[in-house]
Amino acid sequence: MLNDWVFWLSSLHIDECWVILTGLLLVDAPRYSLVAFVAVMIDVIRLVFRSKRNSADRYTPSISVLLVGHNEASTIRATLESIWNSYPKLQIIVVDDGSTDGMADYAREFQSRHAGILLLSRSERGGKSSGLNWALGHATAEVVVTIDADSRLEPGALERIVAPLADPRVGAVSASLLVWNADHNLVTRLQQYEYRQTIFLGRLIQSKLGMLGIVSGAFGAFRRSALEQIKGWDVGPGEDGDAILRLRRSGYRIAAAPDAHCYTNVPTKLGTLFKQRRRWDRTVVTFEVCKHASLASLRDRSFRLSDFVLTMERYFFNIACLFGFWAYTIWILQRWDHHVPFVLGAIYILQTFFEFVQFLCLLWFSPRPLQDLKLIWLVPLMVVYHAFLKIVDVVAVLEELLFRMSRHDTFVPEKVRRATWKW
Amino acid sequence: MSETIVIADDDRDMRRGLEFRAKKWGYDVIPVDDGERACELLIPKDGPNLAILDRHMPGADGVAVCERVRSARPRSDVFLMMLTGRDAAEDVAGALDSGANDYVTKPYNDVVLKARLDAGSQSIQATSTALARIEPTEPPETVLSRVLHDQHLVPEFDTKSMTYGFGALSSQVNDWQKDGGLSPVIMDRVKTCPDCNGLPTFRDGCPKCGSGQVQENQMLHHFRCGHVDTRAAFQSSNGLECPKCLTSDMIVGVDFEHVSGIQSCGNCHWSGDKLDLVGQCTQCGLRFPGADAVNSELVGYHVKRLGVLAEFAAH
């Protein structure tokens, strides 16, 4: 079989090779591997030709940590333990959003043993956005940090995430999410690798290019005055990405703190992962295409080139190329219908090569390269994993474009869904 | 049989809302829209035992109604709850001075209102039950005869000393017990004043100073944009308007909901999310943290040897 495949490859005309591999060479490679490679080269040049930059003075503003949770009784205590006493000037605000599992009791018990914790509790669920806004109204610190009620901070994470806010032009900071339950099974391991590539490396590069358009709600830092300027969060799902786009429209920069780590649990089953990513992937239509379409408008008075490029990048890669990729793949499989395994083999080899290039870039930028090196065995599996995610993406975008499925998402309570913006 | 409550408020929406809730909680409701009518219902001794009065009404306002009702009926006979404005400490003070048993600030929290109404209703019922069983001027011989007949001695609540005791037989009980005529039985446990063992009232209060002048800074949650803010922030010349998205003409339950916020004390300016239980002794007036209340046992007696008591009766 292998010999047949090699023979088939060698028999291809150069034009035919180009036809088969164009989809990868024009879409995925430039967006991920090529950009990462260029970022590494720039970093190398900077190291070689520039003098060492003096380390900045430590920036330690006061922090209000906001935790909003619904039925997180099993994890809230561990989350609070990881935050408590990890930073000098700290206010912790816990919002119990209509929990029925006793989450408020756990939080109240922790509150009784620790000072400086404010607990806000409501009997009916109102949704994460309003929970965050409710807590924001009681925040008194210069910086607001949002943490999911099922996440855990690594020691020193708060100090590292607020460091970029020393620049008054920065409105929000994205951190690095690590997978807490990575050892559970192959599904969680794949997500562990994916988080390193997208959340760590991808956002680091985007921030260097001034195109970072997302800060995870699971762990993110915001300048409180900037949040108050945009009047907090709008109704989700995707309220974290939406808030970042509104901050950008208000003229703020979004920075990255890739060495500020927070552990979070990820889905352990493919079905659950499918639902999660479907919800996430809808937001490119809900927000970039609908609500914040003006980011791409040259006539908008808050126009910035970086916002325009960010939006165009999303339109092109997340929508146009997504459908183009699948249409193209189906076409070339139909074109070489007698050699489908060989064609798929060629695509797989090239994809894995680009994945490996990206992995090397990850090791270059990683503050923990030895630990990331242990993930190398996942590189050959990522092609299949990404194909799965692309299927989810197509389903999500189609659902949102045709049926506006985000309006039926139970992430937002029904009473809120009925009254929210309908972009 | 359910209790009857008078709801007096000239604001039709407020009155209807209270009426709806009171009926849901099992009360029979008589709604009225002015203070004069409320007085007509509450002043007679056989009138309803519960009332919610709006502070501001045309004609006789809440304070005037309280004063007139109190001149005819004591606190232990009719429970008057005043509805006061949100930031009006003077209203609260005036309400309590005029004879109101309790107060609730607008906008009110359903859970708090129900708890206070139920507590007031139980207090009225307990007092009337105790009074029905005790005749303060009843001669000791008659009381003794009843004990001999029933063969048990139950402590009774004295509304003058605000303590439990055995009335005219108090001086004899210990002797009878020593002589073997009575055997003690724990009938109940009550929380009493740590100073004088009197019966206290309990309420939620400021954890710092114990004051009852606490207000909940109620917030509004606007569904459409997720904005949460104080009611004052939503107030505009045209009624309620969201300060974030400028939506007006909002309907509660459809466009927005009330959310309980932080508590703040009008006396010592403390603010926090949780009130503490505060006790106030009805006998000596001591105010103390609820956790300091003494768990006292209410001890009654079975008549063990009739002879001991009968001998006393013969003398």
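Our subject is the structure listed above.
What you see is a predicted model; the values in this text were computed from it and never measured.

K.L.:
What am I meant to see in the interface of chain B and chain A here?
P.N.:
It is common to report an interface's size as the accessible area lost on association of the parts. With 18 residues of chain B at the interface, the matching set in chain A holds 25 residues. For the chain B and chain A pair, buried surface summed over both sides reaches about 1700 Å², with 58% attributable to carbon and sulfur atoms. Of all residues in chain B, Arg224, Lys244 and Asp273 of chain B give up the largest surface area on contact with chain A, accounting jointly for 31% of the area buried on that side. The partner of lysine 415 of chain A in a salt bridge is glutamate 257 of chain B, and the shortest N-O contact between them spans 2.7 Å. Viewed at the interface, chain A and chain B are joined by six residue pairs in polar contact (both at pLDDT 80 or more). Listing elements by their share of the side of chain B that touches chain A, those giving two or more residues are β12 (219-222), β13 (227-230) and β16 (256-259) of chain B. The residue makeup of the side of chain B that touches chain A, split by class, is nine nonpolar, four polar and five charged.

K.L.:
Where do I start with the side chain of serine 64 of chain A in this structure?
P.N.:
Residues and elements named next belong to chain A. The topology assignment puts serine 64 in strand β1 (residues 63-69). At a separation of 2.5 Å, a polar atom in the side chain of serine 64 contacts the side chain of glutamine 91. Residues in contact with serine 64, not counting those within four places in the same chain, are Gln91, Ala139, Thr140, Ala141, Val143, Val144 and Val145.

K.L.:
How should I be thinking about the packing of aromatic side chains in this particular structure?
P.N.:
Two aromatic rings, taken as a pair, are described by how far apart their centres are and by the angle between their planes. Within this structure, the stated rule accounts for nine aromatic pairs over all chains. Each ring, one from phenylalanine 274 of chain A and one from phenylalanine 388 of chain A, has its centre 6.4 Å from the other, and the planes form 55°; the classification is tilted. Highlighted residues: phenylalanine 274 of chain A in helix α10 (residues 270-291) and phenylalanine 388 of chain A in helix α14 (residues 382-403), separated in sequence by 114 residues. The class of phenylalanine 274 of chain A is partly exposed, set by a relative accessible area of 23%. Judged by centre distance (6.3 Å) and plane angle (90°), the rings of phenylalanine 202 of chain B and phenylalanine 288 of chain B are edge-to-face. Taken together, the residues span a long stretch of sequence, with phenylalanine 202 of chain B in strand β10 (residues 200-205) and phenylalanine 288 of chain B in strand β20 (residues 287-289) at a distance of 86 residues.

K.L.:
In this structure, what is going on with the pairing of strand β1 (residues 4-8) of chain B? I would like to understand it.
P.N.:
The two faces of a sheet get side chains in turn, since along a regular strand they alternate between them. Residues and elements named next belong to chain B. Judged by how many residues are buried, β1 sits mostly within the fold: four of five residues are covered. Strand direction decides the pairing type here: β1 and strand β2 (residues 28-32), joined by five bridges, are parallel. Each residue of the ladder has a partner; that of isoleucine 5, found in β2, is valine 29. Taken together, β1, helix α1 (residues 12-24) and β2 form a β-α-β motif whose crossover is right-handed. Here four bridges tie β1 to strand β3 (residues 50-54), and the two strands are oriented parallel to one another. Among the inter-strand pairings, alanine 8 is bridged to a residue of β3, identified as leucine 53.

Cut-offs and rules
- Residues numbered from 1 in each chain as written.
- Chains lettered and ligands numbered in written order.
- Predicted model: local features only at pLDDT ≥ 70, side-chain atom pairs only at ≥ 80, totals over all residues.
- Heavy atoms only, no water.
- Contact = heavy atoms within 4.5 Å.
- Buried area = accessible area lost by both parts, 1.4 Å probe.
- Salt bridge = Lys/Arg side-chain N within 4 Å of Asp/Glu carboxyl O.
- Polar contact = N/O pair within 3.5 Å; in protein donor to acceptor, adjacent residues only side chain to side chain.
- Helix = DSSP H or I, 4+ residues; strand = E, 2+ residues; numbered from the N terminus.
- Nonpolar A, V, L, I, M, F, W, Y, C, P; charged D, E, K, R; others polar.
- Phe/Tyr/Trp six-rings, centres within 6.5 Å; stacked < 30°, edge-to-face > 60°.
- Buried < 20%, exposed > 50% of the residue type's maximum accessible area, 1.4 Å probe, protein only.
- Pairing = 2+ DSSP bridges.
- Right-handed = clockwise from strand over helix to strand, strands pointing away.

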